[in-house]
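Chain and residue survey
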Amino acid sequence: GAGVSQSPSNKVTEKGKDVELRCDPISGHTALYWYRQSLGQGLEFLIYFQGNSAPDKSGLPSDRFSAERTGGSVSTLTIQRTQQEDSAVYLCASSLGQGGMTQYFGPGTRLLVL
Amino acid sequence: AQSVTQLGSHVSVSEGALVLLRCNYSSSVPPYLFWYVQYPNQGLQLLLKYTSAATLVKGINGFEAEFKKSETSFHLTKPSAHMSDAAEYFCAVSETQGGSEKLVFGKGTKLTVNP
């Protein structure tokens, strides 16, 4: 079956611009996660959605970052007024739920802020 | 908070040699543990996971890992390395808190396989 898909695969933007990153989870997966992978920080948790519950935003690094999940499926991660330190690979994952369920990852969006 | 330590950011082995990638975790409760592999410019692919059903876990591509509670370890092994095993490997623990769940990752180990 189809895996997790993300778009765009690569994004180059100028400092100060806003960007939107999209994630399509595996059909039927109620949990969705965003992580960031950078050379200096490794893999960091950003945000977690589970069904209709309020998301866990505790990993978002600043108020320039926000995410939403529409209809319990597609998710968009938005970064406003991008900074050079936002350059990283943004990975989305989905799972069947909590309790140690396997998280399946998408290919990531490589963001470069010039 | 839980944490994961991977000893050795780079490991180099010869083709056909044993692969051993080390992972130690800290957890106050019985953990769910995972090993993921990442090939260049790709996402993370699950190799195997520990869910307390058995201490020796077999995964894909001939990899296996042994959970040792007394040592808080979950080392990844493969008896004979193949060139295609060259990639970066991440150990992770699932952390559940306040209705939320996330993976906490180690820093990763880059495996090089020499012909």
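Source: prediction; values computed, not measured.

**Looking at the overall build of chain A**
Scanning chain A for helices and strands turns up zero helices and ten strands. Traced from its N-terminal end to its C-terminal end, chain A shows the element sequence β-β-β-β-β-β-β-β-β-β. In terms of overall dimensions, chain A is globule-like: its C-alpha atoms have a radius of gyration of 13 Å, near the 13 Å expected for 114 residues. Taken along the three principal axes of its C-alpha coordinates, chain A extends 40 × 30 × 25 Å. Looking at chain A as a whole, 49% of its 114 residues are labelled buried. A total accessible area of about 5,400 Å² is found for chain A, and carbon and sulfur atoms account for 47% of it. Here chain A holds 10 positive side-chain charges and 10 negative ones, and the gap between their average locations is 2 Å.

**A word on the side chain of serine 100 of chain B**
Along the chain, the position of serine 100 of chain B falls in strand β11 (residues 100-105). Under the relative-accessibility criterion, serine 100 of chain B is labelled buried at 8%. Here aspartate 56 of chain A takes part through its side chain, which lies 2.5 Å from a polar atom of the side chain of serine 100 of chain B.

**Section: unusual backbone geometry**
With an omega of -10 degrees, the peptide bond running from serine 7 of chain A to proline 8 of chain A counts as cis. Its location among the elements puts proline 8 of chain A in the loop between β1 (5-7) and β2 (10-13). Positive phi, close to 60 degrees, is recorded for asparagine 61 of chain B, a residue that is not glycine. Counting through the fold element by element, asparagine 61 of chain B comes out in the loop between β7 (56-58) and β8 (64-68). When its relative accessible area of 41% is taken as the criterion, asparagine 61 of chain B is described as partly exposed. Despite not being glycine, threonine 72 of chain B shows a phi value in the positive range, around 45 degrees. In this structure, threonine 72 of chain B sits in the loop between β8 and β9 (73-78).

**Some remarks on the interface of chain B and chain A**
Taken together, the contact pairs 20 residues of chain B with 21 residues of chain A. The tally of links between chain B and chain A comes to zero salt bridges. Linking chain B with chain A are eleven residue pairs in polar contact (both at pLDDT 80 or more). Secondary structure elements with two or more residues in the side of chain B that touches chain A: β5 (33-38), β6 (44-50), β10 (87-97) and β11 of chain B. Looking at the side of chain B that touches chain A element by element, the count peaks at five residues for β11 of chain B. Tallied by class, residues from the side of chain B that touches chain A come to eight nonpolar, eight polar and four charged.

**Here we look at the sheet that holds strand β6 (residues 65-69) of chain A**
Residue and element names in this part refer to chain A. Taken in spatial order, the four strands line up as β1-β3-β7-β6 in an open sheet, and their pairing is antiparallel. Edge strands, defined here as strands with exactly one partner in the open sheet, are β1 and β6. Direction aside, the axes of adjacent strands within the sheet are offset by 15 degrees on average. As judged from the five bridges shared by strand β3 (residues 19-24) and strand β7 (residues 75-79), these two strands associate in the antiparallel manner. Across the sheet, cysteine 23 pairs through a bridge with serine 75, a residue of β7.

**Topic: the confidence of the model for chain B**
Per-residue confidence for chain B gives a mean pLDDT of 93, with 100% of residues at or over 70. By mean pLDDT, β11 of chain B is the weakest element of chain B at 92, and strand β3 (residues 19-21) of chain B is the strongest at 98.

**Section: the pairing of β6 of chain B**
Along a regular strand, successive side chains alternate from one face of the sheet to the other. Bridging between β5 of chain B and β6 of chain B involves six bridges; their strand directions are antiparallel. Among the inter-strand pairings, phenylalanine 34 of chain B is bridged to a residue of β6 of chain B, identified as lysine 49 of chain B.

**Re a nonpolar patch on the surface**
All names here are of chain A. A grouping of Val12, Leu112 and Leu114 is seen on the molecular surface, where their side chains present a nonpolar patch of about 280 Å² in accessible area. In this fold, leucine 114 is placed in the segment after β10 (109-113). Residue classification places leucine 114 among the exposed positions, given a relative accessible area of 53%.

Basis of the calculations
- In every chain, residue numbers begin from 1 and rise along the written sequence.
- Here the convention is simple: chains get letters from A, ligands get numbers from 1, in the order in which they are written.
- The predicted origin of the model limits local features to residues at a pLDDT of at least 70 and limits the giving and counting of side-chain atom pairs to 80 or more, whereas totals for whole chains, interfaces and linings rest on all residues.
- Derived side-chain values reflect all non-hydrogen atoms in the structure, with water molecules and hydrogen atoms excluded from consideration.
- Under the DSSP-based scheme used, a helix requires at least four consecutive residues in state H or I and a strand at least two consecutive residues in state E, with every element numbered from the N terminus.
- For this measure, only C-alpha atoms enter the radius of gyration; the expected value for a globule follows 2.2 Å times N^0.38, where N is the number of residues.
- Burial status follows relative accessibility: with a 1.4 Å probe on protein chains alone, a residue under 20% of its type maximum counts as buried, one over 50% as exposed, and anything between as partly exposed.
- Reported accessibility uses the Shrake-Rupley method at a 1.4 Å probe radius. Residues are deemed covered only where the shown protein chains occlude them.
- Working convention for charge: Lys and Arg count positive, Asp and Glu count negative, and His plus the chain ends are omitted.
- Where a charge lies is defined by one atom per residue type, namely NZ (Lys), CZ (Arg), CG (Asp) and CD (Glu).
- Nitrogen and oxygen atoms within 3.5 Å of one another constitute a polar contact, given that in protein one can donate a hydrogen and the other can accept it, and given that sequence-neighbouring residues count only through two side-chain atoms.
- We call two residues in contact when some of their heavy atoms are within 4.5 Å.
- Within this document, salt bridges are pairs made up of a side-chain nitrogen of Lys or Arg and a carboxyl oxygen of Asp or Glu, the two lying within 4 Å of each other.
- Residues are grouped as follows: nonpolar covers Ala, Val, Leu, Ile, Met, Phe, Trp, Tyr, Cys and Pro; charged covers Asp, Glu, Lys and Arg; every other residue, Gly included, is treated as polar.
- Two strands form a pair only when DSSP identifies at least two bridges running between them.
- Fitted lines through C-alpha atoms give the axes, limited to the stretch in contact for helices. The angle between two N-to-C directions lies from 0 to 180 degrees.
- Summary of the metric used: pLDDT quantifies the predictor's per-residue confidence within the range 0 to 100.
- Only residues above 30% relative accessible area that lack a salt bridge enter a patch, with like-charged residues linked at up to 9 Å and the nonpolar side chains Val, Leu, Ile, Met, Phe, Trp and Tyr linked at up to 5 Å.

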